[in-house]
Amino acid sequence: LAIGVQKMVKRNALIRRLPAVETLGSTSVICSDKTGTLTKDEMTVRRLYCAGQMVSVSGAGYSPEGAFSTNGGESSQPSPALRQMLTAAVLASDTRLVQLESGAWDIKGDPTEGALVVAAAKAGLAKDVLDAVQPRTQEIPFSSETKRMTTLHEAGGALTAYAKGAPEVILAGCDFVLTEHGVAPLEAGEREKILAQAQQMAGEALRVLGIASKPEATLATAERGMIFLGLAGMIDPPRPEAKAAIALCAEAGIRPVMITGDHPITAQAVARELGLLRNGGRVVTGAELEEMSDEQLNRAV
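Residues numbered from 1 in each chain as written. Predicted model: local features only at pLDDT ≥ 70, side-chain atom pairs only at ≥ 80, totals over all residues. Heavy atoms only, no water.

Novice: Provide a residue-level description of the overall build of the chain, including the pertinent values.
Specialist: Summing up its helical and strand segments, the chain has eleven helices and 15 strands in all. Dimensions of the chain, computed from the C-alpha atoms along their principal axes, are close to 75 × 50 × 40 Å. Counting all 301 residues of the chain, 38% fall into the buried class. Within the chain, contacts between residues separated by at least 24 positions form 59% of all contacts whose residues are at least 6 apart in sequence. Total accessible area on the chain is roughly 16,600 Å²; 52% of this is exposed by carbon and sulfur atoms. (Helix = DSSP H or I, 4+ residues; strand = E, 2+ residues; numbered from the N terminus. Buried < 20%, exposed > 50% of the residue type's maximum accessible area, 1.4 Å probe, protein only. Contact = heavy atoms within 4.5 Å. Areas by Shrake-Rupley, 256 points an atom, 1.4 Å probe, with all protein chains shown as cover.)

Novice: Quick one: what's the story with the nonpolar core, residue by residue and with numbers?
Specialist: Among the nonpolar cores identified, the biggest contains 33 residues, and Ile 194, Phe 228, Leu 231, Met 258 and Leu 274 are the most heavily contacted of them. For this core, the secondary structure elements donating two or more residues are strand 10 (158-165), helix 6 (167-172), strand 11 (174-179), helix 7 (188-203), strand 13 (207-214), strand 14 (226-235), helix 8 (240-251) and helix 9 (264-274). In terms of residues, this core owes the most to one element, helix 9, which gives five residues. If sequence neighbours within four positions are ignored, Ile 194 has contacts with Tyr 49, Leu 171, Val 177, Leu 186, Phe 228 and Leu 231. One finds Leu 48, Cys 50, Leu 86 and Ala 92 within the second-largest nonpolar core, a separate group that totals 32 residues. (Core = buried A, V, L, I, M, F, W, Y, C linked by side-chain atoms within 4.5 Å.)

Novice: Tell me about the pairing of strand 10, residues and numbers included.
Specialist: Of all the eight residues making up strand 10, six are buried; the element is thus mostly covered by neighbouring parts of the structure. Two strands pair when backbone bridges link them, and strand 9 (residues 148-155) and strand 10 are joined in this way by eight bridges, in the antiparallel orientation. Bridged to Thr 151 within strand 10 is Tyr 162. Between the antiparallel neighbours strand 9 and strand 10 lie two residues, among them Gly 156 with a positive phi of about 65 degrees. Here strand 10 pairs with strand 13 via five bridges, running antiparallel. For Gly 165, the partnering residue across the bridge sits in strand 13 and is Gly 210. (Pairing = 2+ DSSP bridges.)

Novice: Explain the pattern of salt bridges to me, using residue names and the numbers behind them.
Specialist: As enumerated under the stated definition, the model contains ten salt bridges in all. Linking Glu 273 and Arg 46 is a salt bridge whose minimum nitrogen-to-oxygen distance equals 3.0 Å. Placement of Glu 273 in helix 9 and of Arg 46 in strand 2 (residues 44-50) is noted, with a sequence separation of 227 residues between them. Classification of Glu 273 by relative accessible area gives partly exposed; the value is 33%. A relative accessible area of 19% means that Arg 46 is categorised as buried. A salt bridge links Asp 131 to Lys 127; its shortest N-O distance comes to 3.2 Å. Here the residue Asp 131 and the residue Lys 127 both occupy positions in helix 5 (residues 127-133), the gap between them amounting to four residues, near one helical turn. Salt bridges here are not isolated pairs; linked through shared partners, they connect Asp 94, Arg 136 and Glu 139. (Salt bridge = Lys/Arg side-chain N within 4 Å of Asp/Glu carboxyl O.)

Novice: Can you lay out the environment of Leu 1 for me, pointing to particular residues and giving the numbers?
Specialist: One can find Leu 1 in the segment before helix 1 (2-10). Separated by 38 residues in sequence, Leu 1 and Thr 39 place their C-alpha atoms 33 Å apart. In this structure, Leu 1 is in contact with Leu 18, Val 21 and Glu 22, ignoring residues within four places of it in sequence.

Novice: I'd like a description of the pairing of strand 11, backed by residues and values.
Specialist: Across three bridges, the pairing between strand 11 and strand 14 is parallel. By the bridge assignment, Cys 174 is partnered in strand 14 with Met 226. Pairing analysis gives four bridges linking strand 11 to strand 12 (residues 182-185), with the strands arranged antiparallel. Bridge pairing in strand 12 places Thr 179 opposite Gly 182.

Novice: So what's going on with helix 7? Residues and values would help.
Specialist: The terminal C-alpha atoms of helix 7, which comprises 16 residues, lie 23 Å apart, in line with the 22 Å expected from a rise of 1.5 Å per residue. If you check which residues of helix 7 are buried, you get Ile 194, Gln 197, Ala 198 and Met 201. Projected onto a plane normal to the axis of helix 7, the buried residues spread over an arc of 100 degrees and lie on a single side. Within helix 7, the exposed residues directed more than 90 degrees away from the buried face are Ala 188, Glu 192, Gln 199 and Gly 203. Those residues of helix 7 that are buried lie in contact with strand 2, strand 3 (53-57), helix 6, strand 11, strand 13 and strand 14. (Expected span 1.5 Å × (residues − 1). Arc of directions from axis to C-beta.)

Novice: Tell me about the state of the cysteines, and please be specific about residues and values.
Specialist: Scanning the entire structure with this criterion turns up zero disulfides. You can see Cys 31 has no disulfide; the closest cysteine sulfur is in Cys 249, sitting 11 Å from it. (Disulfide = S-S within 2.5 Å.)

Below is the structure:
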């Protein structure tokens, strides 16, 4: 044990009690929290739906580094429509992206807004620059009842409104939609298509927000007759090093188990990315655990 501890110290593992090494050597299962342990605890935009196209965004966490790829293709520059959508998302947010003395990136504010601000930064759209060009003059703050936030900004002598919120709520206030050819009336078929797209993104365990704008707006009319700009889907991404650690556990004959309070679909998506659901792994909810007898629980474990 003493020799084993010496070897572990060289690998930066400090052991206070020698018997702990023996316990570690006989470990067969490791249970881990998800948020902040297996994931970065940093919301990140993964998908953007704009002008009829699905765009994937690479990169994890709050670092403004990443690429945009359309419909699963090669990386490409964000389209003018997508830049318009990201600009609206940033202007309708209060959160700021900051670089720490260590060089790492962090946010000041809400993580969901932070994800939008970082996605825009990846497209070269800095919040402080956008705020200077279109200063905010008024706002209708987010509430759990309205499920949206709307801000008004001065640009070219007129006010433009920008909004973000639950997709169905944002869509309800829109009469127009941004297409690759410009602004067009929002027909019933297109409205249903957008809602279906939002549901599909939610099924991929993404938190989905709708984004809209309205030129020549007033505080009274800001949330009616808007232009629907697109959908943003975000998730708390897995840590790259966690996937390697889980693979190492499997090699050592240790079975990793993830424990989280997240929605089962979200948990399943993260577990799949981490490689936790191989070889017949499954998701068990708290409600299902409560209903199990001791014998059933032992068998499930």
